[in-house]
Amino acid sequence: MTTVVQKWGNSLALRIPSAFAKDIHLHQGSTVEVAIVEGNMVIKPRKKRKPSLARLLKGVTARNLHAEQDYGEQAGRETW
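Described in the following lines is the structure provided in the data block. Since this is a predicted model, take the numbers as computed values, not measurements.

Observations regarding the pattern of salt bridges
In a structure, side chains of opposite charge can pair up when their charged atoms sit close to one another.
Right, so step 1: For the structure shown, the criterion picks out one salt bridge.
Right, so step 2: Arg46 is the partner of Glu33 in a salt bridge, and the nearest nitrogen-oxygen pair spans 3.1 Å. A residue pair is termed long-range when its members are at least 10 positions apart, and Glu33 in strand β3 (residues 32–37) and Arg46 in the loop between β4 (40–45) and α2 (53–58) qualify at 13 residues.

What about unusual backbone geometry?
Right, so step 1: Even without glycine at this site, His25 takes up a positive phi of about 60°.
Right, so step 2: Examined against the element boundaries, His25 turns out to sit in the loop between α1 (18–23) and β3.
Right, so step 3: At Glu38, a residue that is not glycine, the phi angle is positive and equals roughly 50°.
Right, so step 4: In this fold, Glu38 is placed in the loop between β3 and β4.

Digging into a nonpolar patch on the surface
Right, so step 1: A cluster of nonpolar side chains, namely Met1, Val5, Leu12, Leu14, Ile16, Phe20, Val32, Val34, Ile36, Met41 and Ile43, defines an oily patch on the protein surface of about 1100 Å² accessible area.
Right, so step 2: Mapped by element, the contributors of at least two residues to the nonpolar patch are β2 (11–14), β3 and β4.
Right, so step 3: Per-element tally for the nonpolar patch: the top contributor is β3, with three residues.
Right, so step 4: With relative accessibility at 41%, the residue Ile43 sits in the partly exposed group.

Conventions adopted
Residues numbered from 1 in each chain as written. Predicted model: local features only at pLDDT ≥ 70, side-chain atom pairs only at ≥ 80, totals over all residues. Heavy atoms only, no water. Salt bridge = Lys/Arg side-chain N within 4 Å of Asp/Glu carboxyl O. Helix = DSSP H or I, 4+ residues; strand = E, 2+ residues; numbered from the N terminus. Patch = residues over 30% accessible without salt bridge, like charges linked within 9 Å, V, L, I, M, F, W, Y side chains within 5 Å. Areas by Shrake-Rupley, 256 points an atom, 1.4 Å probe, with all protein chains shown as cover. Buried < 20%, exposed > 50% of the residue type's maximum accessible area, 1.4 Å probe, protein only.

Distances and angles like these do not, on their own, reveal function.
As C-alpha cells, this is what we get:
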C-alpha cells in the first residue's frame, strides 16, 4: 500500500490505514515505537504491561499509605 507523507506543524506525518490499525489493535492515543532498522523505518505498537501486585506494592510508601477507613455499621448481609 502507498500513502503520502504530509506536513503536520514542524513535523511530518503519515496516515495509518484503518485496516492496518485494526489488525494490530492500534487506536487514537496508542503509543508506538519508531526505529530505523537496516535503513527502514519500523513502527510497532507498544504493548501495555499489566501491572503485577509486586510492582504496584513498590509504589506504596509511608508518605502515601493511608489509615484504615471505618465505613460504619453493616448495611446488608456483608461481613466486616
